[in-house]
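# Observations on the model geometry
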Amino acid sequence: LDHVSLSVGRRLKVVWVDSSELEYPEGHEVLEAAKAKMASAQGILVPGGFGDRGIEGKIYAANWSRHNNKPFLGICLGMQMAVV
């Protein structure tokens, strides 16, 4: 991502959201803070992972980006969760 942003003359700012923060129930302050971070972004990248930790959060991020018209890039497990 750094190389791409440099090649097009843009500055990349990464905002990290742990996918487990997206697994809290609706209205929970942790989930609301994570959604606010995603809303501030111009796009969402969901990377791969191993095991079942954060799977529901990855699915939530993909679904949220679709409903909020945010560009989404899923890599490996991140793309598989977008299909789910």
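Up top is the structure these notes are about.
Numbering of residues begins from 1 in every chain and follows the order in which that chain's sequence is written. Confidence filtering applies because this is a predicted model: local features only for residues at pLDDT of at least 70, side-chain atom pairs given and counted only at 80 or more, and all residues used for totals across whole chains, interfaces and linings. By convention in this description, side-chain values take in all heavy atoms of the structure and omit both hydrogens and water.

### Comments concerning the overall build of the chain
- In terms of regular secondary structure, the chain is built from 4 helices and 2 strands.
- In the chain, the succession of helices and strands from N to C terminus is α-α-β-α-β-α.
- Relative to the 2.2 N^0.38 estimate, which gives 12 Å for 84 residues, the radius of gyration of the chain is 13 Å and therefore close to what a compact globule would have.
- Summarising its shape, the C-alpha atoms of the chain cover approximately 40 × 25 × 20 Å along the three principal directions. Numbering of helices and strands runs from the N terminus, with a helix taken as a DSSP run of H or I at least four residues long and a strand as a DSSP run of E at least two residues long. Put simply, the radius of gyration uses C-alpha atoms, and a globule should come to 2.2 Å times the residue count raised to 0.38.

### Examining the environment of R53
- Note that R53 resides in the loop between strand 1 (44–46) and helix 3 (55–67).
- Relative accessible area serves as the criterion here: at 56%, R53 is assigned to the exposed category.
- Along the primary structure R53 and S20 are separated by 33 residues, whereas in three dimensions their C-alpha atoms are 7.2 Å apart.
- We call two residues in contact when some of their heavy atoms are within 4.5 Å. For R53, the contacting residues outside a window of four places in its chain are D18 and S20.
- Any pair of nitrogen or oxygen atoms within 3.5 Å is treated as a polar contact; in protein, a donor-acceptor pairing is required on top of that, and neighbouring residues in sequence qualify only through side-chain atoms on both sides. In this structure the side chain of R53 is engaged in a polar contact, spanning 3.0 Å, whose partner is the side chain of D18. With a 1.4 Å probe rolled over the protein chains alone, any residue whose accessible area is under 20% of its type maximum counts as buried; one over 50% counts as exposed, and the rest are partly exposed.

### Section: the nonpolar core
- Here the nonpolar core consists of buried residues drawn from Ala, Val, Leu, Ile, Met, Phe, Trp, Tyr and Cys, with membership extended through side-chain atoms lying within 4.5 Å. Counting residues in each nonpolar core, the largest one holds 8 residues, listed as L22, L31, A34, M38, I44, V46, A61 and W64.
- For this core, the secondary structure elements donating two or more residues are helix 2 (29–40), strand 1 and helix 3.
- It is helix 2 that contributes the most residues to this core, 3 residues altogether.
- Apart from the residues lying within four places of it in its own chain, the contact partners of A61 are L22, M38, I44 and V46.

### Things to note about the layout of surface pockets
- Here a cavity is any set of points on a 1 Å grid over the protein atoms alone where a 1.4 Å probe fits but cannot get out, and a pocket is any open set with protein on both sides within 12 Å along at least 5 of 7 lines; a residue lines the site when it has an atom within 4 Å of a point. Grid points are joined across faces, edges and corners, and a volume is the space filled by probe spheres set on the points. Size it by volume and the largest pocket reaches roughly 1,200 Å³.
- What lines the largest pocket is a set of 34 residues, and nearest its centre among them are V14, V15, G43, I44 and L45.
- Those elements giving two or more residues to the lining of the largest pocket turn out to be helix 1 (2–7), helix 2, strand 1, helix 3 and strand 2 (72–74).
- Partitioning the lining of the largest pocket into residue classes produces 20 nonpolar, 7 polar and 7 charged. Residue polarity follows a fixed list, in which Ala, Val, Leu, Ile, Met, Phe, Trp, Tyr, Cys and Pro are nonpolar, Asp, Glu, Lys and Arg are charged, and the others, Gly among them, are polar.

### Section: a nonpolar patch on the surface
- Each patch groups residues whose relative accessible area exceeds 30% and which form no salt bridge, using 9 Å between like charges and 5 Å between nonpolar side chains of Val, Leu, Ile, Met, Phe, Trp and Tyr. Computed with the Shrake-Rupley method and a 1.4 Å probe, the accessible areas treat only the protein chains shown as cover for residues. What makes a salt bridge here is a side-chain nitrogen of Lys or Arg within 4 Å of a carboxyl oxygen of Asp or Glu, nothing more. A grouping of L1, L12, V14, W16, L45, L73 and I75 is seen on the molecular surface, where their side chains present a nonpolar patch of about 710 Å² in accessible area.
- Residue placement: L12 occurs in the loop between helix 1 and helix 2.

### Structural notes on the pattern of salt bridges
- One pass over the structure, following the stated rule, counts 3 salt bridges.
- Across the pair R53 and D18 runs a salt bridge, and its minimum N-O distance is 3.0 Å. Note that R53 is positioned in the loop between strand 1 and helix 3 and D18 in the loop between helix 1 and helix 2, a separation of 35 residues in sequence.
- For D18, a relative accessible area of 32% gives the class partly exposed.
- For E26, the salt bridge goes to K35, with nearest N and O atoms at 3.0 Å.
- The exposure class of K35 is buried, given its relative accessible area of 16%.
- Three or more residues joined by partner-sharing salt bridges are found here, namely E26, E32 and K35.

The analysis is restricted to geometry; functional conclusions fall outside its scope.
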